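Here are the chains, one letter per residue:
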Amino acid sequence: MTSATHRSAEEIGRTATGPRALPPLGEQRAAADLAHTDTVLGNGLRVLAVRKANVPMVELRMAIPFAGDDPSHPATAEVLAETIATGTRRRDRVAIDTELALIGGDLGTAVDPEHLSVSASSLASGLPTLLDVLADVLTEASYVDNEVRREGDRIVERLAVARTQPRVIAREALQRHRYGDHPYTREVPKPEDVARVTPEAVRALHASAVLPSGSVLVLVGDIDPDAVIGDLERALSAWASEKAARELPALPVLEGGDLLLVPRAGAVQSQLRLSAQSLPRTDPRYPALQLANLVFGGYFSSRLVENIREDKGYTYSAHSGFEFTGQNATVQVEADTANEVTAAALLETRYELGRLGLVPPTDADVESVRQYAVGSLLIGSSSQAGLASQLLGLAAVGLGVEWLVEHPGRVAAVTTDEVAQAALDFFAPSRFTGVVVGDAETLAPQLTALGGVTVESSES
């Protein structure tokens, strides 16, 4: 037998003269030059076509403004999104699926209070077929009665389950607390509303709301950006209207204030959700604010995670990040905690918000999150799908490839003093409002004693 020695991790990291020095971080590489075309078709559709030929595929993303005031709109829109690709005048569901499968493609749709979104992909050689299917769906979706009813029943079952989930309950409570009855708050339709949706209502919504003017289509892949514009113009020529797609009304400015304790009787966990007004990506101060957010709670090595997860064990996951809606932007802070530590977690969260401004990040802190921010952006845009999704989010607010390519430079130019000022201006605890969702009987005594928390009345 031979004896084997085993070294611990600490021993592996040391030499006879002391700990091994970590190698320096490599230089961040600039984003690749992205050949692209950004134009508006004759029907009013903005098209952003980008060549990224690392694989012989194409990724398509489209956002159609899809706001509505009618209380029944969210339910009808949900059914429309689930059934728009289940059949047309020329193709039934099987034919659509078969044609897409033959080109290695797929096509999916989703809806929220702001947009009807289309996500599709295929082999580059199959792009003509993909565009033909897309055009067919946009102009000739049939919404056959039995398809609408079958999908409607499935949506009712899914929503009934979703509405029992703590995260969904917390999100809905936060939306009501922030924006009252604004259409943006109607993210998850009520099952009973979906059950009342008729095929006629879905067809009427398609005719009035699935419109090209004001919509955005992003195409990324092994394509010639200039040549593909002609292909899109021809494929989508029949998709036309004199009206423009309906934009979501502007959100009001979010003011700071008390948190609302939303009762959820018998819950053993609480959902903590804080929110404050932020800056859109077009604001010159946004890069500094982005780095300040990362220091606070935007990645795993942040102050908030270190405090309430790693040090005190109050939560498994704590996070802060931005939410962009039209030209509006907010920052959200999220954590789920056990009831017995909810008040303590809120106290520590407020403490870290205040500390960010009063004990600002150091040069080392800023350099660390700078590397993370730029690296994450480059990784996210390294694939065709990631780039397409990033560009769609930018294009929906009027931005394009130039913003994405230039943003690493803006982040690199941010100074520590600018990050400190952004932290002081935007992360003060008094700027935040939000909700705590949990068992009020257990939570109310400690939270009301802590202050800045009111309990939702049973009549609300």
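Look up: the structure comes first, before these words.
Residues numbered from 1 in each chain as written. Predicted model: local features only at pLDDT ≥ 70, side-chain atom pairs only at ≥ 80, totals over all residues. Heavy atoms only, no water.

Q: What am I meant to see in the nonpolar core here?
A: In summary, soluble globular proteins display a tendency toward joint burial of nonpolar side chains. In this structure, Met62, Ile64, Phe66, Leu80 and Leu217 are the most contacted members of the largest nonpolar core, which totals 53 residues. Not counting chain neighbours up to four residues away, the residues in contact with Met62 comprise Leu45, Leu116, Ser117, Val118, Leu134, Leu138, Val216, Leu217, Trp239 and Leu392. Ala276, Phe296, Ala423 and Ala444 belong to the second largest nonpolar core, which has 47 residues in total. (Core = buried A, V, L, I, M, F, W, Y, C linked by side-chain atoms within 4.5 Å. Buried < 20%, exposed > 50% of the residue type's maximum accessible area, 1.4 Å probe, protein only. Contact = heavy atoms within 4.5 Å.)

Q: Is there a simple way to think about the pattern of salt bridges in this case?
A: It is possible for side chains of opposite charge to pair when their charged atoms get near one another. Scanning the model with the defined rule gives 38 salt bridges in all. Across the pair Glu172 and Arg163 runs a salt bridge whose closest N-O atoms are separated by 2.9 Å. By relative accessible area, Glu172 is classed as partly exposed at 24%. Taking relative accessible area as the criterion, Arg163 reaches 23% and is therefore assigned partly exposed. It is possible to trace a salt-bridge network through shared partners that takes in Glu78, Glu82, Arg93, Glu147, Arg150, Glu151, Arg154 and Arg158. (Salt bridge = Lys/Arg side-chain N within 4 Å of Asp/Glu carboxyl O.)

Q: Before we go on, may I ask you to explain the sheet that holds strand β13 (residues 433-438) in this structure?
A: Strand pairs in the sheet, formed through backbone hydrogen bonds, run parallel or antiparallel to each other. What the six strands build is an open sheet, ordered β11-β12-β10-β13-β9-β14; its pairing is mixed. Single-partner strands in this sheet number two, and they are β11 (318-325) and β14 (453-455). Each adjacent strand pair in this sheet contributes to an overall mean axis angle of 20°, direction not counted. The pairing of strand β9 (residues 259-263) with β14 spans three bridges and is classified as parallel. Within β14, the position partnered with Leu261 by the bridge is Val455. The sheet contacts of helix α6 (residues 166-179) involve β9, β10 (269-277), β11, β12 (328-338) and β13, and relative to β13 the element is tilted by about 145°. Against the sheet, helix α11 (residues 303-311) makes contact with β11 and β12, and its axis sits at roughly 135° relative to β11, the strand it touches most. (Pairing = 2+ DSSP bridges. Helix = DSSP H or I, 4+ residues; strand = E, 2+ residues; numbered from the N terminus. Axes fitted to C-alpha atoms, helices over the stretch in contact; angles between N-to-C directions.)

Interpretation in functional terms is not warranted from these geometric data alone.
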